[in-house]
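Fold and contact review
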Amino acid sequence: MTDLTPLGQRLASIDEQIADAARAASRDLSSITRIVITKFHPASMVRELHGLGVRDFGESRHQEAQPKVAELSDLDAQWSFVGQLQSKKARQVRAYCQAIHSLDRDSLITALANDEPGTPLDVFVQVNLTDDPARGGVIPSELDAFADRVAAAAGIELRGLMGVAPLDQDPRPAFAALRALSERIGIQHPGARALSMGMSGDFAEAIAEGATHLRIGTAITGKRPDHG
Ligand SMILES: *Cc1c(COP(=O)(O)O)cnc(C)c1O
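Before going into details, it helps to say that this report is about the structure given with it.

Scoring rules and cut-offs
- Residues numbered from 1 in each chain as written.
- Predicted model: local features only at pLDDT ≥ 70, side-chain atom pairs only at ≥ 80, totals over all residues.
- Heavy atoms only, no water.
- Helix = DSSP H or I, 4+ residues; strand = E, 2+ residues; numbered from the N terminus.
- Rg over C-alpha atoms; globule rule 2.2 N^0.38 Å.
- Buried < 20%, exposed > 50% of the residue type's maximum accessible area, 1.4 Å probe, protein only.
- Contact = heavy atoms within 4.5 Å.
- Areas by Shrake-Rupley, 256 points an atom, 1.4 Å probe, with all protein chains shown as cover.
- Lys, Arg positive; Asp, Glu negative; His and termini not counted.
- Charge placed at Lys NZ, Arg CZ, Asp CG, Glu CD.
- Salt bridge = Lys/Arg side-chain N within 4 Å of Asp/Glu carboxyl O.
- Pairing = 2+ DSSP bridges.
- Right-handed = clockwise from strand over helix to strand, strands pointing away.
- Axes fitted to C-alpha atoms, helices over the stretch in contact; angles between N-to-C directions.
- Parallel < 35°, antiparallel > 145°, perpendicular 65-115°, else oblique.
- Left-handed = near helix turned anticlockwise from the far one by under 90°.
- Nonpolar A, V, L, I, M, F, W, Y, C, P; charged D, E, K, R; others polar.
- Near = heavy atom within 4 Å.
- Polar contact = N/O pair within 3.5 Å; in protein donor to acceptor, adjacent residues only side chain to side chain.

**Looking at the overall build of the chain**
Within the chain one finds 9 helices and 8 strands. Relative to the compact-globule value of 17 Å for 228 residues, the chain shows a C-alpha radius of gyration of 17 Å, a close match. Principal axes of the C-alpha set define a box for the chain whose edges measure 50 × 40 × 30 Å. Expressed as a percentage of the 228 residues in the chain, the buried residues total 49%. Counted over contacts in the chain with a minimum sequence separation of 6, partners at least 24 positions apart contribute 55%. Summing over all exposed atoms, the chain offers an accessible surface of approximately 11,200 Å²; the carbon and sulfur share of this is 50%. Computing the positive centroid from 24 side-chain charges and the negative centroid from 30, the chain places the two 3 Å apart.

Laid out in structure tokens, this is it:
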């Protein structure tokens, strides 16, 4: 452990906390994918993380992600897009990501769907867990119908739900609500039981509520580097 870089130490520490939370919840660690969100950080950091064994990465801004992923095309890595997505950019994002966690509008279904042969894109429907309808995500009352439309579209595979806990509140009730929605969606769509929830500050609570995909940024990468 002593010869690890600061980045390696943070990664090891978070992985230990993930393992502890999984054990506390009597969950199998292999059912949890830790995605490292590398937004605001350079390709060189992704390479260092890859050298430490990380294979799952996420980005949230297309303009930043597209050249970064291109520069890293020699790595065996999986990329998830987790941020707000404009429908006119959606096809470009599809070209370099294997999964999109922020599907929340019909215009995105239309933009992402295709009849071409090839591996379907994994998608998560983002659910709005706040009382503010202006935040990203489908509101719970519209989720079932939206999930049906996603599942019916060609070229995209509904894998599950994604949520961001409201700020400055106990995240656990929001994660419990998302879990309940996921159980309901899973009856209609058995292949869609994944739960993308849990970030740097709340991944332990998310694991306790059944998260299968954690999106962890700053706790591993450190703070956003200064510009200039
Ligand atoms: C940036 C981001 C994360 C990671 O956030 P941290 O608090 O840095 O772990 C997770 N999910 C989404 C949608 C993000 O934009």
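Structure shown, so let's carry the discussion forward.
**Describing the pattern of salt bridges**
Within this structure, the stated rule accounts for 15 salt bridges. The partner of Asp 15 in a salt bridge is Arg 34, with the nearest N and O atoms 2.8 Å apart. Placement of Asp 15 in helix 1 (residues 6-24) and of Arg 34 in strand 1 (residues 33-37) is noted, with a sequence separation of 19 residues between them. Residue class for Arg 34 comes out buried when judged on its relative accessible area of 18%. Among the salt bridges present, the one from Arg 159 reaches Asp 122, with a minimum N-O distance of 3.5 Å. Of this pair, Arg 159 sits in strand 6 (residues 156-163) while Asp 122 sits in strand 5 (residues 121-127); the two residues are 37 residues apart in sequence, bridging distant segments of the chain. Several salt bridges share partner residues, and in doing so they unite Glu 59, Arg 61, Glu 64 and Lys 68 into one network.

**Regarding the pairing of strand 3 (residues 78-81)**
Two faces, one strand: in a regular strand the side chains alternate between the faces of the sheet. Relative to strand 3, strand 2 (residues 56-59) runs parallel, the two being bridged by 4 bridges. If you follow Asp 56 over to strand 3, its bridge partner there is Gln 78. As for the winding sense of the linkage, the β-α-β connection from strand 2 through helix 3 (residues 62-71) to strand 3 is right-handed. Inspection of the sheet shows strand 3 paired to strand 4 (residues 99-103) by 2 bridges, in the parallel sense. Pairing of Phe 81 across the sheet is with Ile 100, part of strand 4. The β-α-β motif built from strand 3, the intervening helix 4 (residues 90-96) and the parallel element strand 4 has right-handed crossover chirality.

**Some remarks on the pairing of strand 4**
Counting buried positions along strand 4 gives 5 out of 5 residues, so the element sits mostly inside the fold. As defined by bridge partners, strand 4 adjoins strand 5 across 3 bridges and the pair is classed as parallel. Paired with Ile 100 across the bridge in strand 5 is Val 123.

**Observations regarding the packing of helix 6 (residues 143-152) against helix 7 (residues 171-188)**
One can describe the packing of helix 6 onto helix 7 by two numbers: an axis separation of 11 Å at closest approach and a directional angle of 50°. When the axes of helix 6 and helix 7 are compared, the pair comes out oblique. The handedness of the crossing between helix 6 and helix 7 is right-handed. Note on element contacts: helix 7 touches helix 6 through Leu 181, Arg 184 and Ile 185, opposite Leu 143, Asp 144 and Ala 147. Its residues assigned to classes, the contact of helix 6 with helix 7 comprises 4 nonpolar, no polar and 2 charged.

**Here we look at the site of the ligand**
As a matter of local geometry, the ligand sits amid Ile 37, Lys 39, Ser 60, Val 82, Met 199, Ser 200, Arg 215, Ile 216, Gly 217 and Thr 218. Lys 39 places a side-chain nitrogen or oxygen 2.8 Å from an oxygen atom of the ligand. Taking Thr 218, its main chain carries an N or O atom lying 2.8 Å from an oxygen atom of the ligand. Looking at the shell around the ligand, its residues break down into 4 nonpolar, 4 polar and 2 charged.

Everything listed is a geometric property; what it means functionally is a separate question.
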